[in-house]
Amino acid sequence: MIGTYVLRADIMTLTTNKLRQLEQNLLRNFAEAFKKYDFLVGPTAATTAFKLGEFTDDPLAMYLNDIMTVAANLVGIPAITLPVGSMMGCL
């Protein structure tokens with residue numbers, strides 16, 4: 001039933017318009033940041049690595065651990081993850 005509701009033309013148009021606005025906002029923000037800086041550095045995960053199989057029964061926790069990588073994908077810029085340990089250890 002939810003799939004049928006989401007596929008309705010008026011709901012799909014509303015959702016698509018909001019997503020386009022979000023994408024344009026992200027593009028503007030990244031363009032402004034790249035006017036000042038050559039590259040941006042930030043975390044790619046909210047926590048340190050979890051044990052193998054720890055969250056296999058909780059896909060939302062696994063998704064949330066990768067959430068910080070989504071913006072680069074949405075605006076189409078290259079990104080790299082470097083395993084350097086805890087950020088607190090780098091300060």
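Calculation rules
Residues numbered from 1 in each chain as written. Predicted model: local features only at pLDDT ≥ 70, side-chain atom pairs only at ≥ 80, totals over all residues. Heavy atoms only, no water. Helix = DSSP H or I, 4+ residues; strand = E, 2+ residues; numbered from the N terminus. Buried < 20%, exposed > 50% of the residue type's maximum accessible area, 1.4 Å probe, protein only. Contact = heavy atoms within 4.5 Å. Areas by Shrake-Rupley, 256 points an atom, 1.4 Å probe, with all protein chains shown as cover. Salt bridge = Lys/Arg side-chain N within 4 Å of Asp/Glu carboxyl O. Patch = residues over 30% accessible without salt bridge, like charges linked within 9 Å, V, L, I, M, F, W, Y side chains within 5 Å. Phe/Tyr/Trp six-rings, centres within 6.5 Å; stacked < 30°, edge-to-face > 60°. pLDDT = per-residue confidence, 0-100.

Visitor: Just checking my understanding: could you explain the overall build of the protein chain for this structure?
Guide: Looking only at helices and strands, one finds five helices and zero strands in the protein chain. Ordered by position from N to C terminus, the α and β elements of the protein chain give α-α-α-α-α. Counting over 91 residues, the protein chain shows a buried share of 9%. The long-range share in the protein chain, meaning contacts at least 24 apart out of those at least 6 apart in sequence, stands at 38%. When the accessible surface of the protein chain is summed, it comes to about 8,100 Å², and 64% of that surface belongs to carbon and sulfur atoms.

Visitor: What's the story with the environment of Glu 23 in this structure? I'm lost.
Guide: Within the element layout of this structure, Glu 23 appears in helix H2 (residues 9–36). You can call Glu 23 partly exposed: its relative accessible area is 35%. Along the primary structure Glu 23 and Leu 74 are separated by 51 residues, whereas in three dimensions their C-alpha atoms are 6.8 Å apart.

Visitor: Help me understand the pattern of salt bridges, please; the structure alone is not making it clear to me.
Guide: Oppositely charged side chains may form a pair once their charged atoms are brought near each other. Under the defined criterion, the tally for this structure stands at one salt bridge. Among the ionic pairs, Glu 32 bridges to Lys 35, the shortest N-O distance being 3.1 Å. With Glu 32 and Lys 35 both in helix H2 and three residues apart, this pair spans about one turn of that helix. With relative accessibility at 45%, the residue Glu 32 sits in the partly exposed group.

Visitor: When you look at a nonpolar patch on the surface in this model, what are you seeing that I'm missing?
Guide: A cluster of nonpolar residues, Leu 60, Tyr 63, Leu 64, Ile 67 and Met 68, forms a patch on the protein surface that exposes about 480 Å² of accessible area. Mapped onto the secondary structure, Leu 64 falls in helix H3 (residues 59–65).

Visitor: What should I look at first to understand the packing of aromatic side chains in this one?
Guide: Any aromatic ring pair is given by two values, namely how distant the centres are and how the planes are angled relative to each other. Here the structure, examined in full by the defined rule, presents one aromatic pair. Between Phe 30 and Phe 34, the ring centres sit 6.4 Å apart and the planes meet at 35°, which makes this aromatic pair tilted. With Phe 30 and Phe 34 both in helix H2, this residue pair falls four residues apart, about one helical turn.

Visitor: Is there a simple way to explain the confidence of the model for the protein chain in this structure?
Guide: Note: predicted coordinates in regions of low pLDDT should not be interpreted at a detailed level. On average, residues of the protein chain score 80 in pLDDT, and 79% of them are at 70 or above. Confidence, read as mean pLDDT per element, is least for helix H5 (residues 87–90) in the protein chain (50) and greatest for helix H4 (residues 70–75) (87).

Visitor: Even after reading the chapter, I still don't get the environment of Leu 64, so can you show me in this structure?
Guide: Given the relative accessible area of 45%, Leu 64 is considered partly exposed. The sequence separation of Leu 64 and Thr 47 amounts to 17 residues, and the corresponding C-alpha distance is 9.9 Å.

Visitor: Quick question: what am I supposed to make of the side chain of Asn 65 here?
Guide: By the secondary structure assignment, Asn 65 is in helix H3. Not counting the four nearest positions on each side in its chain, Asn 65 is found in contact with Thr 44, Ala 45, Ala 46, Thr 47 and Phe 50.

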